Structures are given as structure tokens and as C-alpha cells.
There are 2 protein chains.
Amino acid sequence: MSRTAIRMIEMLRLIPREPRRISVGALGERLATLGHPTSARTIQRDLNTLSAHFPLVCDDRDHPYGWSWSRHAQARSLPGMDTPTALTFCMAETYLRDMLPASVVELMQPHFRQARETLEAAGNGLLAWEDKVRILPRHPPLLPPEVDPERMARVYEGLLRGRRLEVRYRPRSGEERAYYLSPQGLALRDAVIYLVASHRDYDDVVMFALHRFTAVTLTDEPARHLAGFDLDAWIARGGFDAHENDAPVGLVARFDADVGRHLLETPLSERQTVREAGDGRLEVTAPVKDTHQLRWWLRAFGPQVEVLEPAHLRREMAEAAEREARLYRRPRPEAG
Amino acid sequence: MSRTAIRMIEMLRLIPREPRRISVGALGERLATLGHPTSARTIQRDLNTLSAHFPLVCDDRDHPYGWSWSRHAQARSLPGMDTPTALTFCMAETYLRDMLPASVVELMQPHFRQARETLEAAGNGLLAWEDKVRILPRHPPLLPPEVDPERMARVYEGLLRGRRLEVRYRPRSGEERAYYLSPQGLALRDAVIYLVASHRDYDDVVMFALHRFTAVTLTDEPARHLAGFDLDAWIARGGFDAHENDAPVGLVARFDADVGRHLLETPLSERQTVREAGDGRLEVTAPVKDTHQLRWWLRAFGPQVEVLEPAHLRREMAEAAEREARLYRRPRPEAG
DNA sequence: GTCGCTGCGACACGAACTGTCGCATGCCGG
DNA sequence: CCGGCATGCGACAGTTCGTGTCGCAGCGAC
């Protein structure tokens, strides 16, 4: 019963977005495997019917014709999006624009468009949500590097399907070079996406910034599986000079009252405790990982935090402050 | 032609997710306004047909029955999700978990589930994407506060539809109190969501952290529209003690080579220039906004950055460093 | 109880969905 | 240049199945 409607929905999900395309023949095969065997003629008819209701485009420049969703079509999700979800999508978009290259965020664009559409339908058009929502980030917006969407897609495919990649890579300094990579993982830091991969038959693993690839070809060759490789362990060993140290240390630090207060809202850990120190400051105690990020975050408070424990961290912070102060005691260097 | 299939798709989008429900009658009305008038009997039949293919649930505890999508149903988007997009969704989820309260991220969960499903179908199951993607955040993960999803939804509705809210609010310190709020905007900072609103007939605008509402009722009363109110201006005037200053200043700063290098990848501004200073450091010049966040970000580099221009910022940084160094020259206070 | 609403089985009519056939068109190889 | 092959599409006929209507039953409310 109602095979038609279900088949059409399935069909709409099988049709890709515009740069890519699918032929009637291919659709027929995929539908058959999904349990909707039907004749090619019927599929042709269905496509014509659907294109009257959805932004489907048919590229008839060569045979067989290629069907796609319009490049500009927004997503339509089943079930439809409710307004709280739509607002969350819009907030997420704002965040992600600072965190990911534009072409990556672009991939989610059809969903963000759907969210905006939902909001416009919900609110009385005049009061646009855009005037109503603001995000105050902690750091100034850094501009994510530009990543070529085609190449990015091929890198992702290679990683997910376990295929080798033939690439050309231009390091930050030095000559462009060809590599034959077995993808092992993906890592993000500071809006830069890195492919973690091994070259040819070497066992060591290197990282490549996605935006510095100048050519990427996806091969059918299965990628080498490095037996003992573990992305977390690799990062911890310093793959990103991140030197994650999993051992939690007991942080004790005094924050000036005004800045420390936000730690009451967004605690460092579930086991965090805060007490009023005698000197008007807030003393925060929490088990945290002893990482680079911790230092980064603590230093950002400048003189508004004083680390008490652990001793080695207090010493580090003291030295850093001392060196920084010395920096400014010297005469200002001549700007270039 | 093919009215049926289109109507069914429309129907699937009108059915809400499980806590909410829709009756056959209501569906009929909504469908009619969308240009699909049909009899109630047909809708009943359609629902039965669809529930064989989609996770629809029918709550038959009372009449009229209420239809919903299962609480656990993943989203299905038209067109379907391709793997690069799916991977982006998964990365986005990881980011957002640090940025937004759990219950807010929860709203996007059906979409993330769809993304994971897509990835599992794409890769050969064994090599799960979760072992392959890592995100290295700059700051230690702060735990976003818990927000009640119901209250959050009502706050969003009030904001978007311009309705007043009757709320109870428990400030960080002090007594719980009742307010009658006209929502003016939403602001996010540090994983905390703030409603910016005016109370009763007062013209001044106050902020309320979403997670500190203890009760929220959405009324039908239209919200007061504050004539000259502008969220950006309000933030700039110090609504968040953010003191945004729109005037860009010419930042000149020297970064240690290793840390400064990442600015080549993720520049501060499109008009940023970088040159090798004589002393082995990188001198970065860029027009940036003179904000709190800028200071926060610069301080995080500690002694690895020296601000040269503008003069007032150099002075500030110098003073902060000096005060921080003094902090650590004193004997360590006794931890509590 | 009785009225009204709602769900649902049954039924009959007709719309429209489907496979088949045949022709036209375009591409490719000989 | 020509014939074979693949693809798109109009036409047609059979029949499936989608639809409105009707009637009955269960459930609440008054």
C-alpha cells in the first residue's frame, strides 16, 4: 500500500545536491536495493512530478540526464524544525563561522537556511531574529583559512572509506611536494583542519593542514592500517605539541571576584568548589587536566588570577609573568 | 497528479516530535491551508500507512488521538546528507557541547544522529569516525550550565513571537523574585545564555541567565517594544561589561616565532601583514577592534607576545604584567 | 441515558499509477 | 557515412489503490 509515496520520499533522499548528479538508471538500481523495484519509465515520470514541487534540476546537456537538487535549495527535514531548534541552529552557525573554514560551514548552509526560514515563519516578520541574538566570543574573531571544498570532500571520503589519497602539498615554507597518503585521522585546532596520515609505506604519521593541499585525488587503493595507531595517544605524545597530560591535577586558584564569578555558572569540573578567600577574592578548587590549554586559559586572566596549587604550575605562571613584565620594562622596539 | 505523495511529505513535516502531538483534525486544517484539502478519513489512513515506514507514534490514551514522531527518531533531510556534511555535523556537535548547555545541544540531536548514521553507512563500520576525529580546543572545557528545556523553549517562543513572559528568577545571590518581562534579545557568552528583557513598564533593560529561571509562563500579551532599543548598542554601552569599542585600532605586536606562526593560517584581519622582526620574532600588524576580547586573547600568549602599538594598549599590557608578577613575588597565601 | 466527537471497517467509483511498446534523438564505433 | 545502442518520452490500456461516503462502535461530557 502506498508504495508510490514512500518510493518518492526515498527518491528525494537519493538525489544529491547540484554539483553532483544521478541518472535514472542509477536511481533505479539504488531504489531496487531499497526494496522499491520499478521500471525506468516510472522513475522518469516520478522525477518530472517531483520537480514540480521541489527545486530539482535536470541537466540535459548529455545522456543519460543527470538529476540533482538545486544548488540553492534549502534542506527540508522530516520531521519539520521547531522554533527552538531553529534558533539553536542559527546560534550554532554564528559560533561555527569563527571555528571552521567558510567552505566547511557552507556544507551546513542548507540546514541553516531551513532554520532561518522556520524562524521567519514563526516570528512576525518585522522583528527579525538577527536583531535579537548576539554572541560574545572570548577571543577576537580569527579568520579561518580558505579550504577548497572539492579537495576537502575528497579528503573526507578517503578518511571515511579508508582509501589512499594522492596529494600535492605546499608546506608553509618550502617546496610543493607529492605524497601518497593513508589517512589516519582528522584533527582541528584554531579553525585549522589537519589531516593526520602516513606516507607510502612509512610507519610514522604526519599532519597536513587541509588548506595547504593544492591537489587531492581519491584512489581506490585501500589505506594502510597502522596497527597500533591511536589518534589520542599520538596527540598526547606531542603530535600537535599539545602535550596533553591526562593525569588530573588539583588546581587551586584565586580569582578577582568579578571575573571569578562566571566560574560559578560554568564550572571547570563537576567536582569544583568555590569559597570566599579572606582577601575578597574567590578561591576555586577543581581537578583539571594539566594541559597547555589550562595555562592558556589561566594566563588570559592576567593579574586577576593567582594560582596557588599545584606548585609547579604556580612556578610556571610566576615565571611567565616575570618574563612578560621584563619584556615591557625594556624600551619599546621600533615597529617595522 | 501525485497529490498523495506530496501531501504525505507535507504531513510528515507537520507532525511534531513526541512530547508534542497533533490530532487528525488539526492536521486536516493545516493541510487544507497548505493546499491539500482532504477528508479526515484519508488522513487517518495516511497516518497508518506512514507509521509503517516512519517512527510515528500514536497516543491513543484519549480522544482525539495525538500523533507524533518518536522521541528517538533521527531527522531525515531532503535531500539526504552527504558524507562531508555529515562529518561537519559531527565536528560541530563536538564544538557546541563546550559552548551551549546540554539541553540546547539536545535540540539538534536528531540531526546529529542522522549525521552519524550517514557516516556509519559510508565508512566500513569497523573504522568508526569517532576514532578518527579530534578537536583541540584552546580553553579547558567549561561545563555549560543546565537549562530546563521546557522553560528555554518558552523563553525562545516569547522572544520570537513578541510575547510577554511571566517568570520567576533566582539571582545568583538574593531572593527569588517574580518578573513580568518583555523579551528584547538573547545574548550568549561563555556557554551562558542570557535573556535581555524589560520588566513591566520600565524602560530599562536587564539581563537574566536562562538557567536561573525557576518558572516561565508564556502569555498572550504582546511584549513592549522599546522604541530606541538596539541590542548591539546596549552591549556596547556595557550591558555585559563588554565595552565593545567599534573603532578599529592599528595593532602592532611581536609574537614568538612558534606561536605567531598560527596567525599566518588564521589571520586577525584580511588586512593583516606579518614580517620577520630583527629579533627572531614575527611582527604582526592588523586593524582590530579595541575590545575586552582582544586583551583577553593577547594576555593568553603571556611573555610570547609584546604589544607595540597602540600605545595605550602597550601600557595596559605592561601594567597587567607588572601587577601579575608582583602577585607572585609575595608569599603564597595559605590555600583554604 | 443521550448527544457529540472520533476512530475505523466496508464499499464502490474513478483517478492515477504502472508496464509496455514504439518512435525520436544523440552518441559512438566501424 | 551509416548502423547499433542507449536514453528520453508520448501513448495506451489494465488495474491497482487512493478517495469520499456511510454506518457502527467506543468514549466522554452533560
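Residues numbered from 1 in each chain as written. Chains lettered and ligands numbered in written order. Predicted model: local features only at pLDDT ≥ 70, side-chain atom pairs only at ≥ 80, totals over all residues. Heavy atoms only, no water.

A.B. asks: Even after reading the chapter, I still don't get the nonpolar core, so can you show me in this structure?
C.D. replies: Across soluble globular proteins, nonpolar side chains show a tendency to be buried alongside one another. Of all hydrophobic cores here, the largest spans 106 residues; its most connected members are A:M91, A:F213, B:M91 and B:F213. Excluding residues within four positions of it along the chain, B:F213 makes contact with B:R151, B:V155, B:V167, B:R168, B:Y169, B:L181, B:L195 and B:F208. With 52 residues, the next largest nonpolar core counts A:W296, A:F301, B:L268 and B:A321 among its residues. (Core = buried A, V, L, I, M, F, W, Y, C linked by side-chain atoms within 4.5 Å. Buried < 20%, exposed > 50% of the residue type's maximum accessible area, 1.4 Å probe, protein only. Contact = heavy atoms within 4.5 Å.)

A.B. asks: Got a minute to help me understand the relation of the copies chain B and chain A in this structure?
C.D. replies: Note that the two copies of the chain are related through a rotation about an axis and a translation along the same axis. Of the transformation superimposing chain B on chain A, the axial component is 0.0 Å and the angular component is 180°, with the fit at an RMSD of 0.2 Å. A rotation of that kind, with that shift, is consistent with a two-fold axis. When the interface residues of chain B are mapped onto chain A, 100% of them again lie at the interface, so the same face is used by both copies. (Least-squares fit on C-alpha atoms with pLDDT ≥ 70 in both.)

A.B. asks: I keep staring at helix 5 (residues 102-122) of chain A and nothing clicks. Help me out?
C.D. replies: Residues spaced three or four apart along an α-helix face the same direction, because each turn holds 3.6 residues. A rise of 1.5 Å per residue sets the reference length of helix 5 of chain A, with its 21 residues, at 30 Å; its end C-alpha atoms lie 28 Å apart and thus fit the reference within 8%. Residue A:M108 marks the point of greatest curvature in helix 5 of chain A, where the axis turns by about 50°; the proline A:P110 follows within four residues. (Helix = DSSP H or I, 4+ residues; strand = E, 2+ residues; numbered from the N terminus. Expected span 1.5 Å × (residues − 1). Bend = angle between axes of the 7 residues up to and from the residue.)

A.B. asks: What should I look at first to understand the protein's contact with DNA strand D in this one?
C.D. replies: Among the 18 residues in the neighbourhood of DNA strand D, the closest are listed as A:S2, B:R7, B:S39, B:T42 and B:R45. Those atoms of DNA strand D that come within 4 Å of the protein belong to sugar or phosphate at a rate of 60%. The contact in question runs from a phosphate oxygen of DNA strand D to an N or O atom on the side chain of A:R3, over 3.0 Å. One of the side-chain nitrogen or oxygen atoms of B:S39 is found 2.8 Å away from a phosphate oxygen of DNA strand D. Examining the composition of the surface near DNA strand D, we find that four residues originate from one element, helix 3 (residues 40-51) of chain B, more than from any other. By residue class, the composition of the surface near DNA strand D is four nonpolar, six polar and eight charged. (Near = heavy atom within 4 Å. Polar contact = N/O pair within 3.5 Å; in protein donor to acceptor, adjacent residues only side chain to side chain. Nonpolar A, V, L, I, M, F, W, Y, C, P; charged D, E, K, R; others polar.)

A.B. asks: I'm lost on the interface of chain B and chain A in this one. Help?
C.D. replies: Often, the extent of an interface is quoted as the loss of accessible area on bringing the components together. At the junction of the two partners, chain B supplies 135 residues and chain A supplies 135 residues. Inspection of the region where chain B meets chain A yields 12 salt bridges. Joining chain B to chain A, the criterion identifies 40 residue pairs in polar contact (both at pLDDT 80 or more). The element that contributes the greatest number of residues to the side of chain B that touches chain A is helix 11 (residues 311-329) of chain B, accounting for 12 residues. A breakdown of the residues in the side of chain B that touches chain A according to their chemical character gives 77 nonpolar, 24 polar and 34 charged. Alignment of strand 4 (residues 133-136) of chain A against strand 6 (residues 177-189) of chain B, held across four bridges, turns out to be parallel. Each residue of the ladder has a partner; that of A:R134, found in strand 6 of chain B, is B:A187. (Salt bridge = Lys/Arg side-chain N within 4 Å of Asp/Glu carboxyl O. Pairing = 2+ DSSP bridges.)

A.B. asks: Just to check I follow, could you spell out the packing of aromatic side chains for this structure?
C.D. replies: Given two aromatic rings, one states the distance between the centres and the angle between the planes to describe the pair. Considering all chains together, one arrives at 25 aromatic pairs over all chains under this definition. With a centroid separation of 6.1 Å and an interplanar angle of 70°, the aromatic rings of A:F89 and A:F112 are classed as edge-to-face. A residue pair is termed long-range when its members are at least 10 positions apart, and A:F89 in helix 4 (residues 83-99) and A:F112 in helix 5 qualify at 23 residues. For the pair A:F89 and A:F112, one class covers both residues: buried. Plain terms: the ring middles of B:Y169 and B:F208 are 4.9 Å apart, the flat faces sit at 90° to each other, and that makes the pair edge-to-face. Of this pair, B:Y169 sits in strand 5 (residues 163-169) while B:F208 is found in strand 8 (residues 205-209), placing the two residues 39 residues apart along the sequence. One exposure class covers both B:Y169 and B:F208, and it is buried. Among the aromatic side chains, those forming a connected cluster through ring pairs are A:F89, A:F112, B:F89 and B:F112. (Phe/Tyr/Trp six-rings, centres within 6.5 Å; stacked < 30°, edge-to-face > 60°.)

By themselves these figures say nothing about function.
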